[in-house]
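# Analysis of the macromolecular model
Letter by letter, the chains look like this.
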Amino acid sequence: MSEQQQGQDEQQPMDRPFDGIRVLELAEGISGPYASRWLAALGADVVKVERTTGDPSRAFGPWPNDLPSDETSGLFLYLNGDKRSVTLNLETSDGREILRELAQSAEIVIESFDPGYLASHHLGYSELSAGNDALVMISITPFGQTGPNANLPATELTLYAASGQMWLTGHPERHPLKNGGSQPSYQAGLNAFAAITGAYYGAVMHGQGSYIDLSVQETYAGMAEAFHTRASQLGIEAQRSGNNLNALWGVYEVADGYGGICALPRNYPAFAQAVGLEELQDERFSDPGQRLLNNDELMAIMYSWFAGQTRQGLLELGIEHRVPFGFVATVEDLTNSEHLQSRDFFATLDHADAGSLTYPGRLWLSSVHDWKMGRAPRLGEHNMEVIHGELGYEREDLVRLRELDAI
Amino acid sequence: MFDPGRPLSGIRVADLTMIWAGPYGAKILADQGAEVIKIESPRAWDNIRTLLPPPVAPGEHWWNTNFYFHEYSRNKKSLSLDLASDEGKAVFSRLLAHCDVVIENYRTDVMDNLGLSYEWLREQREDIIVVGMAGFGKTGPEQDAVGYGPIIEMMSGMTSTSGYGDDGVPYKSGISYGDPIAGICAAAAVATALIQRKRTGKGQYIDLAQREVMSTLLGEFYMDWSMNRRLPEHMGTGHDWMSPHNVYPCAGDDDWIAICVRTDGEWEALKRAMGAPQWAERAEFSDQILRWEHRIELDELVAAWTSERSKTDAFAALHAERVPASPVWKMLEVLRDPHLQARGFYEPIRHPEVGIWVAHGWLWRTHGGDPCIVGPAPDFGQHNAEILGGLLGIPQAEQAALETAGVIASRPEGIPLASEMPATPSLI
């Protein structure tokens, strides 16, 4: 290879793991779009099939200056970067036919319809994978495709309750609490991303695809940590522990906000040294068994010590002594974080309607690929490009399809 | 024959992870069919084995038995190997030739301190895929910060979004939420790197910061900050436009049910489920906006209905009318949730010193799949002979010498049998 050729090679864009892979997204809301958002950033061509009125997440805020618009929902923009939008009405035969044609060229299909909807429209896995044996398809629904609750409608709150997570969260003397935001849906989206990447690897290696049934409730119940297996092995019920499992595991108020500590027994010597209070050397605290018996006393010491700390001071003390200290950071703190900026965690993108916005821009850093970040599509923005340009429908067909309410 | 439920079969993983986040990720790889070899030193074993001393951990060999360890390490194999010694490192080098993936969640500096840098690992196996899961990542001014799940959750922005709303106090999750989230993502990172290796023939290094993964679950809050310089308010269990939307007390001890109404249709369904009470016809509850404006009073009226019945009776009435609702399942109850039981979500796990209990099976299920749990978490060093003798062909005499030198062991060093130790209080 000549020097000149080598120079050209170096200027080639980095190879991304999903370059040239087509993902058909029939999913709305958070879970499916979150998963395919990262597939798009890893190089996949994600064709997002929207109902003619658009993914309902377009109607959820926040919006710039609180002015609602279908094209500038912050939730939608975050979850749908780099995708192409095609509108299809699957209640029409033309819409269904176009979907079948799109599926022929897809390696991955992600859907979130009510259980049974696609099958009843002859768009189930067996139909979509006909002639496309390596197709990986995942259905993401609140309770999965089977079982007595399969068709029960759900919200973030009811899924939080159904998974057992809610019972564990909040103050023991108050009602169970929910996490902020939409954690059931987001964590399910991350699980879906893991499910799809694993299944697609199998399809690449063996030429055989698969159909995956993912239940939001199950993925969330699967992370009940020690609490459900303690219940099953020893029959012990868990109690809400609020912000403090014990004195050295929890959240405390500090001078400029909230901070925290999570120390296992093996972290105690470094912790005691970092805090520097002489009484922490007493056996009633330094001995792991006695420490739990004297938890209330230790907690009182911790309350007063933390009150004199600052958030940044705690983090620095933790770094210096290798003690798990931290603070309750806000998205403002994180957006401004020198650490995260130095690791290129954020991407700032211009959008004609929404302006310049700063997004979390990747999941991890790889030594061989970057993450592509582009703006989210307008509703039906790629109808012409995909249906006319790629599937070969005539322009007049698009007019007819629109008039038939198919696109 | 290829089993689509175990798409990673044929992949071998050297699992150096400890405690929660890493083991959760390696568990998902094992569930997907990868051969995951959990490597622990006789002097620095996975701390989670011994976090819960007897009587919490049953059996004489209690470092092998507790539920906490099994939760993260079922379906894995165990090799005890001291990676800090030259002999151990030599064995590890031979093992790496047979491995596709190395995964670790040590503090940022530990792998380099052990002489196990990415460069060294690559010298042993050129296309190795290495995943490092340090909490804050391997670069940047905060790279040396340390933290378990709740610290990750606090530092990711998550904790700041949760709270009752009336006291200004942020609340952490009931679990170490940062850990499973990072673990799931690590499993995805491994599969992604395998896909890319198939395309290019090359391995890679993955720097996966647990805090960053968790932070991606806060998209709308980042957007609101970027768009409007606004931080989220604590919503408790309420909602910014739905009502009813809350947890309501039921008859029973600390029993609750979550009920949400998103549309006028669901409001009509809720009224039917409650037996069409007169008060529900009042003008101030006649549309969504009015219901939200009168949500405090409405919550009290719904609570009066739920308080008179068990959460399962209330749920049955709501389920029949398809109102979004769920009992707030406690841990003993979620294990018996009729829906999860019908789907076979919990599977039996058997251990000779414990007997049978259940743990969650497939996190997602592939059509036609077998049960997820193939075996319990491995006893310490259980697969030493199989891996050293079978896979690497190390003669028995040499294995014995390694054991004598303390490079491998069948028991963590200095850990007494249960019958030899006094009972101590458990951490949880």
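Predicted model, so just to flag it, every value in this text is computed and none were measured.

Each value, and the rule that gives it
Residues numbered from 1 in each chain as written. Chains lettered and ligands numbered in written order. Predicted model: local features only at pLDDT ≥ 70, side-chain atom pairs only at ≥ 80, totals over all residues. Helix = DSSP H or I, 4+ residues; strand = E, 2+ residues; numbered from the N terminus. Buried ≥ 20, exposed ≤ 12 C-beta atoms within 10 Å, placed from the backbone. Contact = placed C-beta atoms within 7 Å. Domains from an automatic or database assignment. Nonpolar A, V, L, I, M, F, W, Y, C, P; charged D, E, K, R; others polar. Pairing = 2+ DSSP bridges. Axes fitted to C-alpha atoms, helices over the stretch in contact; angles between N-to-C directions. Arc of directions from axis to C-beta. Core = buried A, V, L, I, M, F, W, Y, C linked by C-beta atoms within 7 Å.

On to the overall build of chain B, then. Scanning chain B from N- to C-terminus turns up 17 helices and 12 strands. With 428 residues in all, chain B has 58% of them scored as buried.

Okay, the overall build of chain A next. Of regular secondary structure, chain A possesses 20 helices and 13 strands. By its C-alpha atoms, chain A is 85 × 65 × 50 Å across when sized along the principal axes. Taken across its 407 residues, chain A has 53% of its residues classed as buried. Intrachain contacts of chain A at a sequence separation of at least 6 include 68% that bridge at least 24 residues.

Parsing chain A into structural domains produces domain 1 (9-223 + 353-403) and domain 2 (244-335). A separation of 41 Å is found between the C-alpha centroids of domain 1 of chain A and domain 2 of chain A.

Between chain A and chain B, the residue contacts involve 126 residues of the former and 118 residues of the latter. Per-element tally for the side of chain A that touches chain B: the top contributor is helix 9 (residues 183-206) of chain A, with 17 residues. In terms of residue class, the side of chain A that touches chain B is built from 66 nonpolar, 45 polar and 15 charged. Of the pairings in the sheet, the one linking strand 6 (residues 210-215) of chain A to strand 12 (residues 365-366) of chain B comprises two bridges and is antiparallel in character. Across the sheet, residue A:Ile212 finds its bridge partner in strand 12 of chain B, namely B:Thr366.

All names here are of chain B. With antiparallel pairing, the three strands of this open sheet are ordered in space as 7-8-9. A single partner strand is all that each edge strand has here, and the edge strands are strand 7 (245-249) and strand 9 (325-327). Each neighbouring strand pair of the sheet contributes to a mean axis angle of 15 degrees, computed without reference to strand direction. Pairing analysis gives five bridges linking strand 7 to strand 8 (residues 256-260), with the strands arranged antiparallel. From the neighbouring strand, Val-247 faces strand 8, where its bridge partner is Ala-258. Of the strands in this sheet, strand 7 and strand 8 touch helix 12 (residues 295-307), which is tilted by about 40 degrees from strand 7.

Moving on, we come to unusual backbone geometry. Going from A:Gly61 to A:Pro62, the amide bond is cis rather than trans, its omega being 0 degrees. Mapped onto the secondary structure, A:Pro62 falls in the loop between strand 2 (45-50) and helix 3 (74-79). Note that the residue after B:Ser243, namely B:Pro244, is joined by a cis bond; omega there is -5 degrees. Looking at where B:Pro244 falls in the secondary structure, it is placed in the loop between helix 9 (219-228) and strand 7. One non-glycine residue, B:Ala276, adopts positive backbone phi at about 50 degrees. Along the polypeptide, B:Ala276 turns up in the loop between helix 10 (264-273) and helix 11 (288-293). Note on B:Ala276: 10 C-beta atoms within 10 Å, which makes it exposed.

What follows deals with the pairing of strand 4 (residues 108-111) of chain A. All names here are of chain A. Burial of strand 4 is two-sided: the residues Ile-108 and Ile-110 facing one way and the residues Val-109 and Glu-111 facing the other way are all buried. With four bridges connecting them, strand 1 (residues 22-26) and strand 4 associate as parallel partners. Note that in strand 4 the partner of Leu-24 across the bridge is Val-109. Looking at chain direction, strand 4 and strand 5 (residues 136-141) are connected through four bridges and run parallel.

Attention now goes to the sheet that holds strand 2 of chain A. Pairing between the strands of a sheet is mediated by backbone hydrogen bonds and can be parallel or antiparallel. The strand order 3(A)-2(A)-1(A)-4(A)-5(A)-6(A)-12(B) describes an open sheet built from seven strands, whose pairing is mixed. Each having just a single partner strand, strand 3 (84-87) of chain A together with strand 12 of chain B make up the two edges of the open sheet. Bridge count for strand 1 of chain A against strand 2 of chain A is four bridges, and the pairing is parallel. Residue pairing for strand 2 of chain A: A:Leu24 is matched across the bridge by A:Val47. Across the sheet, helix 19 (residues 383-390) of chain A lies against strand 2 and strand 3 of chain A, angled at about 75 degrees from strand 3 of chain A, the strand it touches most.

Moving on: the environment of A:Leu398. Locating A:Leu398 in the fold gives a position in helix 20 (residues 395-403). Not counting residues up to four positions away in its chain, the partners in contact with A:Leu398 are A:Asn383, A:Met384, A:Ile387, A:His388, A:Tyr393 and A:Ile407.

Here we take up helix 16 (residues 384-391) of chain B. All names here are of chain B. Within the sequence span of helix 16, burial applies to Asn-384, Ile-387 and Leu-388. For helix 16, the angular spread of buried residues about the axis comes to 95 degrees, placing them on one side. Summarising the geometry of helix 16, the exposed residues directed more than 90 degrees from the buried face are Glu-386 and Gly-390. Where helix 16 is buried, its residues contact strand 2 (35-40), strand 3 (77-80), helix 3 (86-96) and helix 17 (396-404).

Among the nonpolar cores identified, the biggest contains 250 residues, and B:Val13, B:Cys185, B:Val190, B:Leu208 and B:Ile257 are the most heavily contacted of them. Looking at this core, the element that brings in the most residues is helix 7 (residues 178-200) of chain B, giving 13 residues.

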